[in-house]
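Observations on the model geometry
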Amino acid sequence: MWETLKKCPRHLLVCEKSSFKSTNSRHSIHVQQHYFNYRVSVLIPECSALPQKLDSIVKDFGSYYLVKDVPLHKLVCEEFITTFLSKGSFYALSCSTRIDQDNAAALLPTGKLIISVDKDTYEELGLEGQSSRYSHKTPMRYVISMDLTASSFAPGGNRYKRVMWALAEKKPLKFDFLMAWNPSDDRRANLISYFSAYQLKEYQPSVAIKTLKDIECPVLQSSDLRATSAESCDAQEFFDWQGVVFNEIESENDSGNFLSTYCCPDPNIVVDQATLCTITGFILPEKIHLLLESLCHYFTEPKLTPWAVLAVHGFADSPVTWREDEHGFHKGGENLYSFVVFRNHDYWLQMAVGANDGCPP
Amino acid sequence: MAVFMDLSIQSVEKKKLESIIETAAHLGYSAVAVNHVANFEKETKKEIAKPLCHEELFEGALPIVQGTTKPVKIVTRLTIVASDPSHCTEMRTTSQRTKLYDVVSVFPKTEKLFHTACLNLDVDLICINVTEKQPFYFKRAAVNAAISRGIYFELVYTPAIRDSTMRRYTISNALALMQSCKGKNIIISSGAEKPLELRGPYDIANLGLLFGLSEAGAKAAVSTNCRAVILHGATRKTAFGVIYTMPRDEQEDKRETTAPASKRSRTEAV
């Protein structure tokens, strides 16, 4: 029994390397398919302030809205589909709902609505769904997904009527939603006016820029993920080090420090200063893509540092991680990825998920 | 998974109970059960008290569970501490007093009562002693019979917080129970008398690992199994878990009618 106690809940870390110049590089697809992002952190060593271009992107991340007590049928009705879904990407995620205990809902920009419900709600709702992949003995959680832009979901059809009846009359579900809207053309449908009947508040993502002094940075070789020679750190050690830096944990390994005995992996060099920028909010993948491209262009001019890091964290209570892969919360709901961008336009992509999650793509 | 629940908060005086429930809601428990203990071990013929009405607590404004927008749910629970089956006639028939409680449990002190409770008694929970060395062994037949009837076994963790000797007994009794029941039908609850004795639900799920449960089983012990206990208690008020009765609106009866009672129509539309 003591052997089982030594194990911790399973987690997965997938590391891959590629180059931005390669034609079949999938970096934009990876960024685009991780729909719900909570925090973006950028670390640039040997840099005292955020570069001009990055700074302007960070300041212009766009706003998001928190709308309270929205009945779910409002996101399914014909008016909503024609006003928003066919004219851009609409992101909506239920707020203050815990994925392992309560009902949660998410509207993906592809037009799919994912509702994750507990057993009682599923049996009362009357819509067809699949049992969650992360059930213990009896299924206690069900996932209902419907494609709102499909031809079978045309307003007036049987499927549409059934869904509207279930969501509006049989078991009305209401959530507080975090919403963001990225229109594809200039004629913007106004989100504020559409949801004017509900309590709506606009937010800007909060930005914190900090300059770190005298930090130890691991030495990396872009071609060598596993550090076969002793001259560089391997990807897993570097991933742990990223967590330490982004959370500003002390890594001195003082004898008097009871909180952290972490040491920077060898080999490392001490860097005078580094810029750490953290953006928190409901962040769209399109903006992250801009940030990544800009970070890539940062290295077109010669720079002291051989690498820079962009890390993105997803919501712990989101029903999906990448694409429509189901996300569960066992004891932690982490789903995150980080790009390590090298001077020679190579990159490492590290994706990590927790216990109740499938392997990232 | 179901919401997290703590099915054993000791019924103390009002202000203290309010602070315990508020702490439980802050820690993430969506439902709590206030436990009234009736000790039949020493005194027979003792009256079971009426449960505390939870509308009186917090004057109706229940604390919100952290991380959600819903208020915490409070249910009532009765625990009968007994050593002889003859003390427990209350539970065999549908006694007037036990009907008022949502969850009924028994704390058997002897093997005979444990056996009777597993096979015959109309209870939802059987409490397992954690404060002293178990005087009897858990027979697998009795435990399996209880599992098939839908009865759950409860382990309390606050004695382990208070004293190190009790910590040993808690773990050894829990491991002995695991060998008989193989990790099925277990719930872990607090038995808290003070707000500081409560622990968060994920910490209790980790404690379940020490007791020998699997990862998913330990989390279920604080969530899914507790939901099953409350549903089992709710079926006691129904017929076979299918039909339930509710009191008719009293205002209809107060209507004035000129005809005497014997001449009024016998069947009325409900």
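Provided above is the structure to which this section pertains.
Residues numbered from 1 in each chain as written. Chains lettered and ligands numbered in written order. Predicted model: local features only at pLDDT ≥ 70, side-chain atom pairs only at ≥ 80, totals over all residues. Heavy atoms only, no water.

1. Examining the interface of chain A and chain B
- The interface is formed by 21 residues belonging to chain A together with 27 residues belonging to chain B.
- Approximately 2,000 Å² of surface area, both sides summed, lies buried where chain A meets chain B, with 52% of it carried by carbon and sulfur atoms.
- Along the contact surface separating chain A from chain B lie three salt bridges.
- Counting across the interface, chain A meets chain B through ten residue pairs in polar contact (both at pLDDT 80 or more).
- Its residues placed into classes, the side of chain A that touches chain B shows seven nonpolar, five polar and nine charged. (Contact = heavy atoms within 4.5 Å. Buried area = accessible area lost by both parts, 1.4 Å probe. Salt bridge = Lys/Arg side-chain N within 4 Å of Asp/Glu carboxyl O. Polar contact = N/O pair within 3.5 Å; in protein donor to acceptor, adjacent residues only side chain to side chain. Nonpolar A, V, L, I, M, F, W, Y, C, P; charged D, E, K, R; others polar.)

2. Some words on unusual backbone geometry
- With an omega dihedral of -10°, the bond running from Asp266 of chain A to Pro267 of chain A counts as a cis peptide bond.
- Tracing the sequence through the fold places Pro267 of chain A in the loop between helix H8 (235-246) and strand S12 (268-283).
- Residues other than glycine seldom take positive phi values, yet His345 of chain A does so here, at roughly 65°.
- Checked against the element boundaries, His345 of chain A lands in the loop between strand S14 (335-342) and strand S15 (346-353).
- Although it is not a glycine, Asn185 of chain B adopts a positive phi angle of roughly 55°. (Helix = DSSP H or I, 4+ residues; strand = E, 2+ residues; numbered from the N terminus.)

3. Observations regarding a negative patch on the surface
Residues and elements named next belong to chain A.
- A contiguous patch of negative charge, built from Glu216, Glu237, Asp240, Glu250, Glu252, Asp254 and Asp266, is present on the exposed surface.
- Residue placement: Glu216 occurs in strand S11 (residues 206-218).
- In this structure Glu216 comes out as partly exposed when scored by relative accessible area, which is 32%. (Patch = residues over 30% accessible without salt bridge, like charges linked within 9 Å, V, L, I, M, F, W, Y side chains within 5 Å. Areas by Shrake-Rupley, 256 points an atom, 1.4 Å probe, with all protein chains shown as cover. Lys, Arg positive; Asp, Glu negative; His and termini not counted. Charge placed at Lys NZ, Arg CZ, Asp CG, Glu CD. Buried < 20%, exposed > 50% of the residue type's maximum accessible area, 1.4 Å probe, protein only.)

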